[in-house]
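Residue-level listing of the chains:
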Amino acid sequence: MTEQKLRDAMELYGDTVFRLALCRLQNTADAEDVYQDVFLKLFQQEHLSNSDPEHIKAWLIRSTVNRCTDLMRFHFRRSTISLDTLGEAAAMVEESAAELWTAVNDLPAKFRVVVHLHYAEGYSTEEIAALLEIPVVTVRTRMRRARMRLKDVLGGNEDG
C-alpha cells in the first residue's frame, strides 16, 4: 500500500479504529498500540492497494477486533476502567449521551463491541456478524441482552 493511501485510510478510519480499540480494551495506551499495529499491518498489505474504501474499512475493523483479542489473551485483566479513560470517553460524545455511553462502557466486552459497532459505527446485525465472525443470531442476542442491562442501569420504561 502506498504512503498516500495509508494516510487517506488513517484520516478516514483512524477514529473508528481507535474508538473500537478503546471500547474493547478500555485502556488508552493499549488502544493507541492497537491503532499503530493495525495501520502498520495495513501498510504491509499490498493486495489492499486497489480495494474499495468499504472493503478497507471492514478489513480495519476485523483487524482491530483480532488485535484486541490477541492483546487481551496475553494479559490477565480485571474488568476496571480508569477515571482518565472514562473522562476521555465521555468527552467524545455529547453531554446528553455521556450517561448512556458510560453505562455502555460498563457492559462486558462482548456486549460493548456489538453496541458500539451498531450505534456508533452504523453497522447492521448482519454486517457485525460478518465482521466478528459470529452467527447473526448471536449478534442479536448480545444486542438484546445489552439493551436489557442498559435498561436496568438507566431505568428505562417498558415501551423502549
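Keep in mind that what you see is a predicted model, and the values were worked out from it rather than measured.

J.: For this particular structure, what's the right way to read the packing of helix α5 (residues 98-105) against helix α6 (residues 109-120)?
T.: In helix packing, the relevant descriptors are the interaxial angle and the interaxial distance, both defined with respect to the helix axes. In contact at an axis separation of 9 Å, α5 and α6 are set at 145° when each is read in the N-to-C sense. On α6, the residues touching Trp-101, Val-104 and Asn-105 of α5 are Arg-112, Val-115, Tyr-119 and Ala-120. For the contact of α5 with α6, the residue count by class is five nonpolar, one polar and one charged.

J.: What is the right way to read a positive patch on the surface from this model?
T.: Positive charge collects at one region of the surface, where Lys-110, Arg-144, Arg-145 and Arg-149 lie side by side. With three residues, the single largest contributor to the positive patch is helix α8 (residues 136-154). Tracing the backbone through its elements, the reader meets Arg-144 in helix α8. By relative accessible area, Arg-144 is classed as partly exposed at 44%.

J.: So what exactly am I meant to see when it comes to the nonpolar core here?
T.: Generally speaking, a soluble globular protein has its nonpolar side chains buried in company with each other. Ranked by internal contacts, the top residues of the largest apolar core, which has 22 residues, are Leu-107, Val-115, Leu-117, Ile-128, Leu-132 and Val-139. Secondary-structure elements contributing two or more residues to this core are α3 (53-74), α5, α6, α7 (125-132) and α8. A total of five residues in this core trace back to one element, the largest contributor, which is α6. With residues near it in sequence (within four places) discarded, Val-115 still touches Trp-101, Val-104, Leu-107, Ala-120, Met-143 and Ala-146. Formed by 19 residues, the second largest nonpolar core is a distinct cluster that contains Ala-31, Val-38, Ile-56 and Leu-71.

J.: What is the right way to look at α8 in this model?
T.: Helical geometry note: an α-helix holds 3.6 residues per turn, so side chains three or four residues apart project in the same direction. With 19 residues, α8 extends 27 Å from end C-alpha to end C-alpha; this agrees with the ideal 27 Å at 1.5 Å per step. Taken as a whole, α8 has its buried residues at Val-139, Met-143, Ala-146 and Leu-150. Projected down its long axis, α8 shows its buried positions confined to an angular sector of 65°, all on one face. Opposite the buried face of α8, at more than 90 degrees from it, the exposed residues are Val-137 and Asp-152.

Basis of the calculations
Residues numbered from 1 in each chain as written. Predicted model: local features only at pLDDT ≥ 70, side-chain atom pairs only at ≥ 80, totals over all residues. Heavy atoms only, no water. Axes fitted to C-alpha atoms, helices over the stretch in contact; angles between N-to-C directions. Helix = DSSP H or I, 4+ residues; strand = E, 2+ residues; numbered from the N terminus. Contact = heavy atoms within 4.5 Å. Nonpolar A, V, L, I, M, F, W, Y, C, P; charged D, E, K, R; others polar. Patch = residues over 30% accessible without salt bridge, like charges linked within 9 Å, V, L, I, M, F, W, Y side chains within 5 Å. Areas by Shrake-Rupley, 256 points an atom, 1.4 Å probe, with all protein chains shown as cover. Salt bridge = Lys/Arg side-chain N within 4 Å of Asp/Glu carboxyl O. Lys, Arg positive; Asp, Glu negative; His and termini not counted. Charge placed at Lys NZ, Arg CZ, Asp CG, Glu CD. Buried < 20%, exposed > 50% of the residue type's maximum accessible area, 1.4 Å probe, protein only. Core = buried A, V, L, I, M, F, W, Y, C linked by side-chain atoms within 4.5 Å. Expected span 1.5 Å × (residues − 1). Arc of directions from axis to C-beta.

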